[in-house]
Amino acid sequence: MDVLTETAGLRDRLGTARCVLVPTMGALHEGHLSLVARGRDDARARGLPLAVSIFVNPAQFNDPADLRDYPRTLDADLGALREHGVDIAFVPDPEEVYPPDDPDAAPEPEVPPVGRLPGLEDRFRPGHFPGVCRVVSRLFDLCRPAAAVFGEKDWQQACVVASMCRQQGRDTEILLGATVREADGLAMSSRNTHLSPESRPKAAAIWQGFQAACRENTPEAAERVLVATMGSAGFEIEYATIRDAESLMPPAGEADRPLRVLAAGVLDGVRLLDNAPWPA
Ligand code: PAF
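Being a predicted model, the structure only gives us computed values, none of them experimental. (Residues numbered from 1 in each chain as written. Predicted model: local features only at pLDDT ≥ 70, side-chain atom pairs only at ≥ 80, totals over all residues. Heavy atoms only, no water.)

Caption draft 1: Here's a closer look at the overall build of the chain. Regarding its fold elements, the chain presents 11 helices and nine strands. In terms of overall dimensions, the chain is globule-like: its C-alpha atoms have a radius of gyration of 19 Å, near the 19 Å expected for 280 residues. Taken along the three principal axes of its C-alpha coordinates, the chain extends 55 × 45 × 40 Å. Looking at the chain as a whole, 53% of its 280 residues are labelled buried. Of the accessible surface of the chain, which amounts to about 12600 Å², a share of 50% is contributed by carbon and sulfur atoms. (Helix = DSSP H or I, 4+ residues; strand = E, 2+ residues; numbered from the N terminus. Rg over C-alpha atoms; globule rule 2.2 N^0.38 Å. Buried < 20%, exposed > 50% of the residue type's maximum accessible area, 1.4 Å probe, protein only. Areas by Shrake-Rupley, 256 points an atom, 1.4 Å probe, with all protein chains shown as cover.)

Structure representation (structure tokens):
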């Protein structure tokens, strides 16, 4: 595995070849490694190298404390990527991604409607999707991936990236990796490490709420039971809602549109989010 920290080295390594890319912010857990495995299968099928980027993107954090506290585990991450058959690990410094002397290298792309209008992550993390769009655009310019893998766990992010690619006329195929869950249903996330031993069992209430929501027949009843389940576990709920799976706007009642249940909230100071198909 080549570990590259500079854009020039990445350009030399790839030459004119494309790749399959798995963008990450490191602190890799089983959830990320399942995305890497998905990327590896796709890369092998296409005969392309598999690249994984590790970059804690300052542009997508609206809270400086969150950026400061984001777990950083580079040595363990690189070990795991080696074991998972990754060809290129791209681990740039912020100056490589956002060169101070060349602001045109990483312009701020237009955020598509699905990243501005639903009132979900866009509402509770202002600046987040502009930062995600900026870094993903930059990584795609540098790596020219034929395909890139994003986790279903961050459903709105995956919708935003897919929509941005269409908007920008990119031919990168966006592949989705299924959410990996702990035994009690909690979606794996780097943030789970911040949960105290007392909070950790309560965090499964999001998944329990989704299961209860899937037993209801209307979006309104599903939302009520989800709010009640998360609320009684102690979540300060930001959103708990049924939405159109693609636009993420409230369902318009069309029978054949897939829907999704999405929730985010803060449990004992730790922000968690998750989503699932609705009904299951
Ligand atoms: O999902 C993440 O880890 C990040 O938002 C991403 C896609 C790597 C961009 O920084």
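Caption draft 2: Inspection of the sheet that holds strand β3 (residues 50-54) at higher detail. Within the open sheet, the six strands sit side by side as β1-β4-β3-β2-β5-β6. Their pairing is parallel. Each of the sheet's edge strands pairs with one partner strand only, and the pair in question is β1 (2-4) and β6 (173-177). Taking the axes of each pair of neighbouring strands and ignoring which way they run, one obtains an average angle of 25 degrees across the sheet. In terms of strand pairing, strand β2 (residues 19-24) meets β3 through five bridges, oriented parallel. Counterpart to V20 in the pairing with β3 is L50. (Pairing = 2+ DSSP bridges. Axes fitted to C-alpha atoms, helices over the stretch in contact; angles between N-to-C directions.)

Caption draft 3: Quick peek at the environment of E182. The residue E182 is located in the loop between β6 and α9 (199-202) in this model. Judged by relative accessible area, which is 32%, E182 ranks as partly exposed. C-alpha of E182 to C-alpha of N217: the two residues are 35 residues apart in sequence and 27 Å apart in space. Apart from residues no more than four positions distant in its own chain, E182 is found in contact with M188 and R200. (Contact = heavy atoms within 4.5 Å.)

Caption draft 4: Here's a closer look at the packing of helix α10 (residues 205-213) against helix α11 (residues 219-233). Between α10 and α11, whose axes approach to 8 Å, the crossing angle comes to 155 degrees. Comparing the axis directions of α10 and α11 gives the class roughly antiparallel. As α10 packs across α11, the resulting crossing turns out to be right-handed. Here A205, I206, Q208, G209, F210, A212 and A213 of α10 come into contact with α11, specifically with A222, V225, L226, T229, M230 and A233. Looking at side-chain class alone, the contact of α10 with α11 contains 10 nonpolar, three polar and no charged residues. (Parallel < 35°, antiparallel > 145°, perpendicular 65-115°, else oblique. Left-handed = near helix turned anticlockwise from the far one by under 90°. Nonpolar A, V, L, I, M, F, W, Y, C, P; charged D, E, K, R; others polar.)

Caption draft 5: Fine view of the pattern of salt bridges. Tallying each qualifying case throughout the model produces 17 salt bridges. In this structure, R13 engages D2 in a salt bridge whose closest nitrogen and oxygen atoms are separated by 2.5 Å. Residue R13 is found in helix α1 (residues 7-14), and its partner D2 is found in strand β1; the two are separated by 11 residues along the sequence. A relative accessible area of 33% places D2 in the partly exposed class. Members of the salt-bridge network, linked through shared partners, are E121, R125, E238 and R271. (Salt bridge = Lys/Arg side-chain N within 4 Å of Asp/Glu carboxyl O.)

Caption draft 6: Fine view of empty space enclosed by the protein. Across all of its chains, the model carries three cavities of 30 Å³ or more by this definition. Looking at the largest cavity, its volume works out to about 680 Å³. Forming the boundary of the largest cavity are 35 residues, of which M25, H32, Y70, D154 and Q157 lie nearest the centre. Elements with a contribution of two residues or more to the lining of the largest cavity: β2, α2 (30-46), α7 (128-143) and β5 (145-151). Broken down by element, the lining of the largest cavity gets its largest block of residues, five residues, from α7. The residue makeup of the lining of the largest cavity, split by class, is 16 nonpolar, 14 polar and five charged. Its boundaries defined by the atoms lining it, the second largest cavity holds a volume of some 90 Å³. Lining the second largest cavity we find 15 residues, and of these E121, D154, W155, Q156 and L273 sit closest to its centre. (1 Å grid on protein atoms, 1.4 Å probe; cavity = no way out; pocket = protein on both sides within 12 Å on 5 of 7 lines; lining within 4 Å. Points joined across faces, edges and corners; volume = space filled by probe spheres on them.)

Caption draft 7: Summary view of the packing of α1 against α7. Interaxial distance between α1 and α7 falls to 9 Å at its minimum, and their mutual angle equals 45 degrees. With respect to α7, the element α1 is oriented oblique. Where α1 approaches α7, its residues T7, L10, R11 and L14 are matched on the opposing element by R138, L142 and C143. Tallied by class, residues from the contact of α1 with α7 come to four nonpolar, one polar and two charged.

Caption draft 8: Just the pairing of strand β8 (residues 259-267), in detail. With respect to burial, β8 is a largely interior element, nine of its nine residues being buried. Side chains L259, V261, A263, G265 and L267 of β8 all project onto a buried face; the interleaved residues R260, L262, A264 and V266 project onto the opposite face, where all are buried too. Here strand β7 (residues 236-244) runs beside β8; their pairing, made up of eight bridges, is antiparallel. In the strand pairing of β8, A240 is matched with A263. Note: β8 against strand β9 (residues 270-278), nine bridges, orientation antiparallel. Across the sheet, residue V266 finds its bridge partner in β9, namely R271.

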